[in-house]
Each structure stands twice: as structure tokens, then as C-alpha cells.
Amino acid sequence: MKTLVWVEHDNQSLKDATLSAVTAAAKLGEVHLLVAGKGVDGVAQAAAAITGVGKVHVADDAAYEHFLAENVAPLIVSLMGTHDAVLFPATTTGKNIAPRVAAALDVMQISDILSVEGADTFTRPIYAGNAIATVQTSDKKLVITVRGTAFAKAAATGGSGTIEAVSGEGDKGLSTFAGAEIAKSERPELTSAKVIVSGGRALGSSEQFHAQIDPLADKLGAAVGASRAAVDAGYAPNDYQVGQTGKIVAPEVYVAIGISGAIQHLAGMKDSKTIIAINKDEDAPIFQVADIGLVGDLFKIVPELTEKL
Amino acid sequence: MKVLVPVKRVLDYNVKPRVKADGTGVDLANVKMSMNPFDEIAIEEAVRLKEKGAATEVVVVTIGVAKAETDVLLTARAMGADRGILIQTDDEIEPLAVAKLLAKVAEEEQPGLIILGKQAIDDDSNQTGQMLAALLGWPQGTFASKVELGGNGVQVTREVDGGLETVDLKLPAIVTTDLRLNEPRYATLPNIMKAKSKPVAKKTVADYGVDATPRLKTLKVVEPAKRSAGIKVGSVDELVEKLKGLGVAK
Ligand SMILES: Cc1cc2nc3c(=O)[nH]c(=O)nc-3n(C[C@H](O)[C@H](O)[C@H](O)COP(=O)(O)OP(=O)(O)OC[C@H]3O[C@@H](n4cnc5c(N)ncnc54)[C@H](O)[C@@H]3O)c2cc1C
Ligand SMILES: Nc1ncnc2c1ncn2[C@@H]1O[C@H](COP(=O)(O)O)[C@@H](O)[C@H]1O
């Protein structure tokens, strides 16, 4: 089987989420990549260096700079004449584009796969990960999104893929990019961090969220996450949200502070290796999944902990 | 401008899903079913557009069992939708087939905007809106946290992995809702009573001539590996020792 993997990038550098999708694709067959964007020579070089990669298709066009689904989907569809499967990392970019490709190919997409069981059979989470379904497709072409935490990352170096320029129909004239507010942070990225410190509603304000969570995260070299309640209340930006409908993370250590542990939150972090919970309510559901719990007032515990580290 | 809002009846988000012992799925017998939370946000947005004078009519459509009429179409009309369409079926309809049916409804109704939820909290597919956009050849503003109509288009602010992104779309367009778009109103009892007189058209899948045969076969459904509860420590000092043991603190 010939697979095509969507390369996640920001026109400058290749994102780690790509590497997990490559691992999933390699279980199906030959791995080709697609780099679509503007001024993406560097990304294409990085893509060709990933272990196990054959061809790297590069579509360098201003119409693809912001990965608008309206423009990118037809490009991918045009490459599906010569590929049997297309895989996307389950990022917001992948989730935006993949179904548009699937519908154009008249294929039922398989979302957020956790494993490859066979050429047509996959497992995927449903009901916020409270159930795992094994599904078998009868479609001739496969359109798949890949949960990053479920697959090891392919080695970013050692490969010798060949780069080939491709072009599509360019701008379809349906949509235009108007702007972005992308947070710049010195901290590790949430989805690839080894340690995450996450804050919940209990933080009470944006000031307290930063005053309590940030110094602890700095001490642990951690990324910062949040519950939906903390994001909705404006204590933390939307891209911090961990959960069923936010980011899926699986760090070595996840520290949940003032988070109750609703199923929608657990859905995003319960595959973390070690979970630590700090909560004043000893019956909080988070303690049912926590490896290490400390019951008490976070406003006393967190400053003391930060100081002692 | 007419706004079309597709809504799905799902297991209520407060209910903990239980996997059936025979591994065929999740137990939905005698449990509370409600409107998908993202679809409530979609209706709220549509009703606000009408209240602002930007939309003339809000039409809500659901594909599902007969009970969807009372479980979700009534709620939607009580929230302010003008009329409903029930495409009744006892079969499980996959997102691709849902999108095909919705495309037919859109051809009939000619809405200027279709607002869907970004994700149904049962299948967690996050596909239908994007598929519908592809089938209709319309632009899509997914994971919206802000929707502003103006002139011949709509500006959508999207929640993306790195933060926020804004796109300008030509109308007609598809929008899918994220959690921060708005806070949906409650369907009050008096409004539920009043909503009963708002019309619902009843249809079948066959009425639309769509082949809804599933493409995916569910071989089995199992519970995920369980995490067992760990230990509780009694002091910050003990926690510091544990963190050292894990190698994340010096
Ligand atoms: C469709 C849908 C999607 C959702 N998606 C997500 C998602 O992706 N991610 C997500 O997180 N949620 C999601 N939710 C929301 C989820 O159901 C919960 O409402 C949310 O996770 C609760 O956040 P929280 O734990 O911060 O707040 P709460 O549930 O209010 O918990 C606060 C906790 O802090 C503790 N506390 C209070 N004061 C202190 C103190 N001084 N010291 C220590 N502890 C204290 C309390 O004991 C409590 O346990 C979703 C909900 C819906 C309906
Ligand atoms: N059976 C259905 N009837 C009406 N709308 C649906 C149905 N299934 C999905 N949708 C819409 O599509 C959105 C995304 O669903 P999904 O792609 O299944 O995650 C939902 O939030 C609804 O707006």
C-alpha cells in the first residue's frame, strides 16, 4: 500500500506530530509525504530526512501558506490517484482538512486512530475515550487522522527521501486568511512535553493562574495546561485546554492542580505515565486516576512546593 | 438569510458511558439522551443572528430515531429555532451519510449559513461539517469562537492548536462551533410548551435518495485499560521526594 502523510509545519519547521503519523503510515506500507505551504524548502529537507520516508511531494504556493482546507483538500485529492491512504496528525489543521478530502473521495474517514490492526482495521476512541472501538473499513481509499500520543515518533533523521515538486489548483477563491494570534512561549509544546502542570477552576483568576502555575512549571521545565473551566473563565488561553475536545497529552508526569477530574478532562490526559493531583476535596474524581495525590489547599501547597524544588 | 442547524441526539454528557458486556457498543438503554452540547452552541449562535436581524429564519434538522423529535428538536425550537426537520431512521448513520443527507436538505432549503457542532460527543468524529462543506463546495470555518457576518461574507475566528486564527469566508458557508463561541440559553418550560406548536417535517432517508450504507463495520467495543488509584502523600516534602524519584526534580 502507498500512503501519503500530511506534514504538519508552520512554513519554517516541521512539527513533531508528523512523526507519529509517519509511524502509523509505515504500518500500512510505503510512506510518502506531502509538504504544502509557502517557502517550505527547509521543511521539505527536514521531511526527507525522516527515517523510512520515500518520496516527499512539495507544493510551494501562496495559496497553501495558511493550509486553508478549501485550497489544500483538492491538492490532496489530486494525489490520491497514486496513493491508497492519506494520514493526518489529529491536530486542528489535520482535523480541518481530512474530512474535506474524505468526502471528496466518497470515503468515510477514520478519526483519531490508536492502533493499526490490519490493512483495513483500526482502533479508535469513542465517548471521550470511555470505550475503544475496533473498526473495519470497506472503502477502497483510506482517510485517517492519527492520535499522536498513541504512536511512537519516527526518527527525525537518517532518512533519504526524494523531493518532488507538485502543483495543484491553488486558490479556490472561497476563503482568505485574515490573521492569527499564535502564542509564543519559551515553554515546551503541550503535546510533546515530558512534564505538564495543569490548572483548573480553583485558581480563581488569571493572575492567580499565572502566579501559582507558572513558577512551578518553570521549576519542572514543564508545559502549562488547563481544564475547560479555567479556559472558559479566561484564566488561561484556549490552546491550553486538555481534554476530549481540547488537546490529548500523555507526558511522563502530569500535575493536575485544582482540577476535579471530569470525564472530558480525563479523556485528554489519562494516558500520562504518572499523574499527580493536588485538590482540597479528597473525594475528587481526579484521585481515582492519580498515582500520587496530595489533599489540601493549593494556595498553600503550590507555593511551598515551588520553593522546595 | 436562512440559517440551518443540524443537531444530534447523544448520550447526555453527564452520564458515564458503560460498555456493553457483549462488546457490541455502549449501553444506551434507559439512559438520559440529550442534544450534543456543541449543537446547543450552534443553535444559540443562529438564534442570536436572528435576534440581531442578520438571519430571517432558523431551521433545525436531525437524523435519528423517532425520540429525537422530543429529545432534541423540541429543545431546539424552545431555544428559538423556527421549525424542525426529522429524518427518521433506526439505523446508525455515519458522518459521511449524514453529510450527504444534509447536503440534500441544503439544496432544498438554500440556507446562507449552516452551523454545526465541531464534534458529536458520542462518536467523537469531528467530520460532518467539513464533509458537508466539501459536498456543497462551500468554504468552512471550523472550531469557531467568534462569527461575524458582514457584506457578502462571514468572518470566523477559529480555535487552533497554537491559539486563534481568523478567516474570511464567502457566503454561503459552513461554521462548526467550539466551546467558547457562546453560552447557550436554557430551554425554559414555558418556551418548551410554546415550541410544540412550531412545525416539524418528518422525512425518511429514502425521501432524499441517499445511500446510507455504512462504510465502517464495528468489530468490537471494549473498555479502555483501567488506571488504578495510587497513593496519597501527607506533605509537600513527601511530594518533593516523589518528584525526585520520578527524575523531574533535583
Ligand atoms: C461538550 C463538552 C466538552 C468538554 N470538553 C472538556 C475538555 O476538553 N477539557 C476539560 O477539562 N473539560 C471539558 N469539559 C468540561 C468538564 O465537564 C468539566 O466541567 C471541567 O473539566 C471542570 O473543570 P475543573 O476541574 O477546573 O473545575 P471544577 O469541576 O469546578 O473543579 C474544581 C476543583 O478544584 C478543587 N478546589 C477548589 N478550591 C481548591 C483549592 N483552594 N485548593 C485545591 N483544590 C481546590 C475542587 O475540589 C474541585 O475538585 C467539557 C464539557 C462538555 C459538556
Ligand atoms: N445524526 C445527525 N443528525 C444531525 N446532525 C448531525 C448528526 N450527526 C452529526 N451531526 C452534526 O455534525 C456535527 C459533528 O458530528 P461528528 O462529525 O459526528 O463529530 C454535530 O455536532 C452535528 O451538528
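This structure is a prediction, so every number in the text was calculated from the model and none was measured.

Trainee: Could you give an account of the interface of chain A and chain B, with specific residues and numbers?
Mentor: Taken together, the contacts link 83 residues of chain A with 78 residues of chain B. Summing the contributions of chain A and of chain B, the shared interface buries around 6,700 Å²; its carbon and sulfur component is 56%. Remark: the boundary between chain A and chain B carries six salt bridges. Among the salt bridges present, the one from Arg215 of chain B reaches Asp139 of chain A, with a minimum N-O distance of 2.7 Å. For the pair chain A and chain B, the number of links is 48 residue pairs in polar contact (both at pLDDT 80 or more). Looking at side-chain class alone, the side of chain A that touches chain B contains 40 nonpolar, 25 polar and 18 charged residues. Relative to strand β13 (residues 231–233) of chain B, strand β16 (residues 292–295) of chain A runs parallel, the two sharing three bridges.

Trainee: For the domain arrangement of chain A, give the residues involved together with the corresponding values.
Mentor: Residue and element names in this part refer to chain A. Per the domain assignment, the segments of chain A are domain 1 (2–165) and domain 2 (190–308). Roughly 640 Å² is buried in total at the junction of domain 1 and domain 2, and carbon and sulfur atoms are behind 53% of that figure. It is Ala128, Arg147 and Thr149 in domain 1 that bury the most area against domain 2; as a group they hold 67% of the surface buried on that side. Linking domain 1 to domain 2 there are zero salt bridges. If you look at where domain 1 meets domain 2, you find one residue pair in polar contact (both at pLDDT 80 or more). Taken together, the residues of the side of domain 1 that touches domain 2 sort by class into two nonpolar, three polar and three charged.

Trainee: Account for the pairing of β16 of chain A, naming residues and giving values.
Mentor: Of the pairings in the sheet, the one linking strand β15 (residues 274–279) of chain A to β16 of chain A comprises four bridges and is parallel in character. Paired with Ile276 of chain A across the bridge in β16 of chain A is Ile292 of chain A.

Trainee: How would you summarise empty space enclosed by the protein if you had to cite specific residues and measurements?
Mentor: Applying the stated criterion across every chain yields a total of three cavities of 30 Å³ or more. What the largest cavity holds in volume is close to 100 Å³. Taken together, Tyr127, Ala128, Gln244, Ile263 and Gln264 of chain A together with Leu11, Asp12, Tyr13, Val15, Pro17, Ile121 and Asp122 of chain B make up the full set of residues lining the largest cavity. Residue composition of the lining of the largest cavity, grouped by class: eight nonpolar, two polar and two charged. Lining the second largest cavity we find Leu216, Leu220, Val255, Ile276, Ile278 and Leu305 of chain A together with Leu239 and Leu243 of chain B. Sorting the residues of the lining of the second largest cavity by element identifies α5 (206–220) and β15 of chain A together with α6 (236–245) of chain B as the ones contributing at least two each. Taken together, the residues that form the lining of the second largest cavity break down as eight nonpolar, no polar and no charged.

Trainee: Which residues make up the site of ligand 2, and what are the values?
Mentor: Residues and elements named next belong to chain B. Taken together, 19 residues sit near ligand 2, with Pro6, Asp39, Ala120, Asn126 and Thr128 positioned nearest. Asn36 is positioned such that a nitrogen or oxygen atom in its side chain is 3.0 Å from an oxygen atom of ligand 2. A distance of 3.5 Å separates an oxygen atom of ligand 2 from a polar atom in the backbone of Ser125. Put simply, the parts of the chain that give the shell around ligand 2 at least two residues each are β4 (57–64), α3 (95–109) and β6 (113–117). Element by element, the count of residues in the shell around ligand 2 is highest for β4, at three residues. Partitioning the shell around ligand 2 into residue classes produces eight nonpolar, eight polar and three charged.

Trainee: Quick rundown of the confidence of the model for chain B? Include the residues and the values.
Mentor: Counting all residues, the mean pLDDT for chain B is 96, and 100% of those residues have values of 70 or more. Across the whole predicted complex the pTM is 0.97, and at the interface the ipTM reaches 0.96.

Trainee: Now, about the sheet that holds β6 of chain B: what can you tell me, with residues and values included?
Mentor: In space, the 10 strands of this open sheet follow the order β11(A)-β9(B)-β8(B)-β7(B)-β10(B)-β6(B)-β1(B)-β4(B)-β5(B)-β11(B), with mixed pairing throughout. The open sheet terminates on both sides in strands that have one partner only, identified here as β11 (175–182) of chain A together with β11 (200–204) of chain B. Averaged over all pairs of adjacent strands, the angle between their axes in this sheet comes to 25°, without regard to strand direction. Where β6 of chain B meets strand β10 (residues 173–177) of chain B, five bridges bridge the pair, whose relative direction is parallel. The partner of Ile115 of chain B across the bridge, within β10 of chain B, is Val175 of chain B. Sitting on the sheet, α3 of chain B touches β1 (2–6), β4, β5 (83–88) and β6 of chain B, and the angle it makes with β4 of chain B is about 150°.

Trainee: Break down helix α1 (residues 17–26) of chain A for me, with residues and values.
Mentor: All names here are of chain A. Where burial is concerned, most of α1 is hidden: eight out of the 10 residues are buried. Listed as buried for α1 are Thr18, Leu19, Ser20, Ala21, Val22, Thr23, Ala24 and Ala25. In this fold, the buried residues of α1 make contact with β1 (2–6), β2 (30–37), β4 (85–89), β5 (110–113), β6 (115–118) and β9 (142–146).

Trainee: For the site of ligand 1, give the residues involved together with the corresponding values.
Mentor: Near ligand 1 there are 29 residues, and of these Arg201, Ser227, Gln241, Ser260 and Gln264 of chain A occur at the shortest range. Of the chains in the model, those with residues near ligand 1 are chains A and B. Between Gln244 of chain A and ligand 1, the recorded distance is 3.3 Å, taken from a backbone N or O atom to an oxygen atom. Here an oxygen atom of ligand 1 sits 2.8 Å away from a polar atom, N or O, in the side chain of Asn279 of chain A. Across the complex, the protein chains shield 86% of the 990 Å² of accessible surface that ligand 1 would expose by itself. In terms of residue class, the shell around ligand 1 is made up of 11 nonpolar, 13 polar and five charged.

Trainee: Can you tell me about the nonpolar core, naming the residues and giving the values?
Mentor: Within the largest apolar cluster, 97 residues are counted, with the highest numbers of intra-cluster contacts made by Leu33 and Ile76 of chain A. Counting residues per element, this core draws most heavily on α3 of chain B, which supplies nine residues. What Leu33 of chain A contacts, discounting residues up to four positions off in sequence, is Leu4, Val5, Val7, Val22, Ala47, Ile50, Val53, Lys55, Val56 and His57 of chain A. If you look at the next biggest cluster of nonpolar residues, it comprises 36 residues, including Val58, Val72, Val147 and Val175 of chain B.

Criteria and thresholds
- Each chain carries its own residue numbering, running from 1 in the written order of its sequence.
- Chain letters and ligand numbers both follow the written order, the letters beginning at A and the numbers at 1.
- Local features in this predicted model are restricted to residues of pLDDT 70 or higher, and side-chain atom pairs are both shown and tallied only at a pLDDT of 80 or more, whereas totals for entire chains, interfaces and linings draw on every residue.
- Excluded from the side-chain calculations are hydrogens and water; all other atoms, namely the structure's heavy atoms, are used.
- The contact criterion used throughout is that any non-hydrogen atoms of two residues lie within 4.5 Å.
- Once two parts are put together, the accessible area they lose, assessed with a 1.4 Å probe and summed over both, is termed the buried area.
- Any Lys or Arg side-chain nitrogen located within 4 Å of an Asp or Glu carboxyl oxygen qualifies as a salt bridge.
- In protein, a polar contact means a hydrogen-donor-capable atom and an acceptor-capable atom, both N or O and within 3.5 Å, with residues adjacent in sequence counting only if both atoms are side-chain atoms; elsewhere, any N or O pair within 3.5 Å suffices.
- Amino acids outside the nonpolar list (Ala, Val, Leu, Ile, Met, Phe, Trp, Tyr, Cys, Pro) and the charged list (Asp, Glu, Lys, Arg) are all regarded as polar, and Gly is one of them.
- Here, a strand pair is defined by DSSP locating no fewer than two bridges between the strands.
- Comment: elements are numbered from the N terminus, with helices defined as DSSP H or I runs of at least four residues and strands as E runs of at least two.
- How far each domain reaches was decided by an automatic or database domain assignment.
- Points on a 1 Å grid, built from protein atoms alone, make a cavity when a 1.4 Å probe fits but cannot get out and make a pocket when they are open with protein on both sides within 12 Å along at least 5 of 7 lines; residues with an atom within 4 Å of a point are the lining residues.
- Grid points are joined across faces, edges and corners, and a volume is the space filled by probe spheres set on the points.
- Only heavy atoms are used to decide nearness, and a residue is near a molecule or strand if one of them lies within 4 Å of it.
- A score from 0 to 100, pLDDT tells how confident the predictor is in each residue.
- Axis definition: a line fitted to C-alpha atoms, limited for helices to the stretch in contact. Angles are taken between N-to-C directions and run from 0 to 180 degrees.
- Exposure classes here rest on a 1.4 Å probe applied to the protein chains alone. A residue is buried below 20% of its type maximum, exposed above 50%, and partly exposed in between.
- Reported accessibility uses the Shrake-Rupley method at a 1.4 Å probe radius. Residues are deemed covered only where the shown protein chains occlude them.
- As used here, the term nonpolar core means buried Ala, Val, Leu, Ile, Met, Phe, Trp, Tyr and Cys residues forming a set that is joined through side-chain atoms within 4.5 Å.

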